[in-house]
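# Commentary on secondary and tertiary structure
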Amino acid sequence: MISVAVKVETECGTCRLPMPVNTLAREVSCASCGRPSALADDLWKALLRHPIHDGPQMLPKEGRSTSASKLSAAYTRRAPSCQGCDKEIPIEDIREVREQAALTCERCAKRTWVRTVPAELVGALPGITHLVGEDPDPAAMASEGAAEAATFPCPQCGSPVPFDGVTRACVCRFCNASVHVPDDFVFRGRRKVAASWFLCFDPSITDGAPAAQAVEAGLFDWEDPPRAAVDVEGNLYCAVRQLDTTPSGMPKRHNIVWSMDPSMNVRWLQRGRPLADGLVLSPESKLLVTSRDRLAWAWLSSTSGTPIEEGAGVLAQASDDELLDCNHLSCDRDGTLLISKADRIQRFSASGMEVPVWRGGALGGVRPVDEMSGLRCIQCGPDGSVYCMYRDEFARVDASGREMFRLTFSSDPPEFDRRPFGVDAAGNAYVVRRDEVIRIGVAGEQSVVLCTERDGQPRSPQTPIAVCPDGAFWLFGTKGRAWKFDARGTLLFESGLRGRVNRIKSMRSMRPPPQAPVVDPSTFIAQQAARERPAKATTEAQHRWDRLLHDGVLVIVVLVLMACIISPIWYILSRW
């Protein structure tokens, strides 16, 4: 059974606060002010049209978003799961539900409500049989007495004061003090976060998504190389503008962010994001996607690809100039963000406050990095050290700011002056040069891993590299090319153009052949006569003009001949 998880949100028309819509209903109430908002069937039909249509075509764990009027929804293809422990709910248990039931999780004992699609919503949900994980039925919960009153601490004696969620003014039963429940507590105490609920498709609707293998899924269909990163588990993350082909043969471009595991299985995919300018991995299972637009920066969950708010303080506190004008960003092992800008480095905490760059240093201290201009990019190592790439030099600085080594490279053409590099779990740096990839050890020793003449290394002015913890690394080229090598330079994977060619051929083969329209004979004759009428009128006008021209020429010739004959006769007669 195919299922799609949806998260729906709107805005309260009275208090303007975000309002989650965790159930498919014609009316929902705001958790803050309690005012109801009407949701018509047409609005639901417009909002869920894309999840229902795209669900069978999406990859597992692929996420997208849509909106309709005042509603917005994020939807992901995944199996129904418990809201408490995220344990997958057996499909057989869902199919057994005939009207409505609460399934109890065997792991956490949390109840998940399941119901069949009501008759009045069948038109808005074609092909959907069950709704899973909606908010509990209030009538059923009230009849069971399962509602649990919230409590607020008395400001005088600290005793818990029962709060029914409606009345703000209460009286403490221990000290008889008047207690006023603040709005923040009311809103925080109620459910304010949008939860996922699931649309389960009819079993007759088969899986139309491509295979999970990355090439066949078309994840390598790009023109320009992606922004890429690899986490400590070897999972690859890419942000790229993808090139696709519609069934009509027209090119289509859209921005995507995706991740796959070391076995080339797609973990998740998010479409419709702004064009990414960089990827920064955080040790807290977060992924920072940067863009040229400051407002488009976002933290994503590295496990699901969904946007998260936690840890976004650095985006809110740091100024636009500090972020937009920086050359490069990197996240340290303690979660702080390093920014290289104007030949110097700045460090920001997770809350967005600027902190000393080096351990034990003063705020703004950047020695010895500021001793040489031309700083291109930086990379944080696994031990807290910082790797710095200059125009013709490469340096490693420890966490206290002490330079450990500095190497000088031979000059390359101007288009190769920004050398991409990455660092593995052992602290070895891999630097991409024009004709080779070199490994720089923790003490500064160098060795050639790949060579253009020997190994056929891709040669490009800006070939991005993403280094795995074990020393394996990815290289990315243009037009969907990607290579993965092990730590010794042995080729493990090459994308080529197979994925794109196969997808285009399959899409063209799926295009139905053109069929001649069926037209009534009398209608066809009338249409044909109408099409021939202008040409016929033009031909007749041309014939009239030719006839007039012919007659005019004939008259002139006759007059000339008559003049030639009459003139001699008149002369002879006048002589007599």
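Thresholds applied
- Residues numbered from 1 in each chain as written.
- Predicted model: local features only at pLDDT ≥ 70, side-chain atom pairs only at ≥ 80, totals over all residues.
- Heavy atoms only, no water.
- Helix = DSSP H or I, 4+ residues; strand = E, 2+ residues; numbered from the N terminus.
- Buried < 20%, exposed > 50% of the residue type's maximum accessible area, 1.4 Å probe, protein only.
- Contact = heavy atoms within 4.5 Å.
- Areas by Shrake-Rupley, 256 points an atom, 1.4 Å probe, with all protein chains shown as cover.
- Salt bridge = Lys/Arg side-chain N within 4 Å of Asp/Glu carboxyl O.
- Pairing = 2+ DSSP bridges.
- Axes fitted to C-alpha atoms, helices over the stretch in contact; angles between N-to-C directions.
- Phe/Tyr/Trp six-rings, centres within 6.5 Å; stacked < 30°, edge-to-face > 60°.
- Lys NZ or Arg CZ within 6 Å of the ring centre and 35° of its normal.
- Patch = residues over 30% accessible without salt bridge, like charges linked within 9 Å, V, L, I, M, F, W, Y side chains within 5 Å.
- pLDDT = per-residue confidence, 0-100.
- Expected span 1.5 Å × (residues − 1).
- Bend = angle between axes of the 7 residues up to and from the residue.

## Describing the overall build of the protein chain
Along the backbone of the protein chain there are 9 helices and 38 strands. Sorting the 576 residues of the protein chain into buried and exposed places 44% on the buried side. Taking the contacts inside the protein chain whose residues are at least 6 apart along the sequence as the reference set, 47% of them involve residues at least 24 apart. Counting every atom, the protein chain has about 30800 Å² of accessible surface; 54% of that belongs to carbon and sulfur.

## Quick look at the pattern of salt bridges
For the coordinates displayed, the defined rule picks out 16 salt bridges. Among the salt bridges present, the one from Asp54 reaches Arg64, with a minimum N-O distance of 3.4 Å. Placement of Asp54 in helix H1 (residues 41–54) and of Arg64 in strand E5 (residues 62–68) is noted, with a sequence separation of 10 residues between them. Take Asp54: its relative accessible area is 12%, and that puts it in the buried class. One continuous salt-bridge network, built from bridges that share partners, spans Asp54, Glu62, Arg64 and Arg271.

## A few points about the sheet that holds strand E29 (residues 393–397)
Read from one edge to the other, the open sheet built from 4 strands follows the order E27-E28-E29-E30, with strand pairing classed as antiparallel. The open sheet has two edge strands, strand E27 (377–380) and strand E30 (403–408), and neither has a second partner. Strand after strand, the sheet turns through a mean of 15° between neighbouring axes, direction not considered. As paired strands, strand E28 (residues 386–389) and E29 are joined by 4 bridges and run antiparallel to one another. Within E29, the residue paired with Cys388 across the bridge is Ala395.

## Structural notes on the sheet that holds strand E31 (residues 421–423)
With antiparallel pairing, the 4 strands of this open sheet are ordered in space as E31-E32-E33-E34. The two strands at the open ends of the sheet, each matched to only one other strand, are E31 and strand E34 (446–451). Direction aside, the axes of adjacent strands within the sheet are offset by 20° on average. Relative to E34, strand E33 (residues 436–440) runs antiparallel, the two sharing 5 bridges. Across the sheet, Val437 pairs through a bridge with Leu450, a residue of E34.

## Some thoughts on the environment of Pro356
Considering the arrangement of structural elements, one finds Pro356 in the loop between strand E26 (354–355) and E27. With 11 residues separating them in the primary sequence, Pro356 and Ile345 have C-alpha atoms 9.9 Å apart.

## With respect to the packing of aromatic side chains
Throughout the structure, instances matching the rule amount to 13 aromatic pairs. Between the aromatic rings of Phe220 and Trp222, the centroid separation amounts to 5.4 Å while the plane-to-plane angle is 55°, which identifies the pairing as tilted. The same class applies to Phe220 and to Trp222, which are both buried. By way of ring pairs, the aromatic residues Phe220, Trp222, Trp258, Trp474, Phe476 and Phe493 are connected into one cluster. Across the ring face of Trp299, the terminal group of Lys286 is positioned such that the distance to the ring centre comes to 4.9 Å.

## Some words on the side chain of Thr10
With respect to the secondary-structure elements, Thr10 resides in strand E1 (residues 3–11). Among the residues examined, Thr10 registers a relative accessible area of 9% and is labelled buried. Not counting the four nearest positions on each side in its chain, Thr10 is found in contact with Leu17, Pro18, Met19, Val21, Lys70 and Leu71.

## Topic: a nonpolar patch on the surface
On the surface, Leu554, Val555, Val558, Leu559, Met562, Ile565, Ile566, Ile569, Trp570 and Leu573 cluster together into a nonpolar patch covering about 1000 Å² of accessible area. Turning to its location among the elements, Trp570 is positioned in helix H9 (residues 521–575).

## Topic: the confidence of the model for the protein chain
Put simply, the protein chain has an average pLDDT of 77, and 76% of its residues get 70 or more. Per-element averaging of pLDDT across the protein chain places helix H8 (residues 498–510) at the bottom with 42 and strand E35 (residues 465–467) at the top with 93. Contacts for the low-pLDDT stretch residues 139–148, under 50 throughout, to residues beyond four places or in other chains number 6 contacts. Contacts from residues 362–372, a stretch scored under 50 in pLDDT, to residues over four places away or in other chains number 28 contacts.

## Side note on H1
Here H1 spans 20 Å end to end across 14 residues, near enough to the 20 Å set by a 1.5 Å rise per residue. When the local axis directions of H1 are compared, the greatest deviation, roughly 45°, occurs at Leu48, which is followed within four positions by the proline Pro51. Considered for burial, the residues of H1 that qualify are Leu43, Trp44, Leu47, Leu48, Pro51, Ile52 and Asp54. Packing partners of the buried residues in H1 comprise E1, strand E2 (18–21), E5, strand E6 (71–77), strand E9 (128–134) and strand E14 (197–201).

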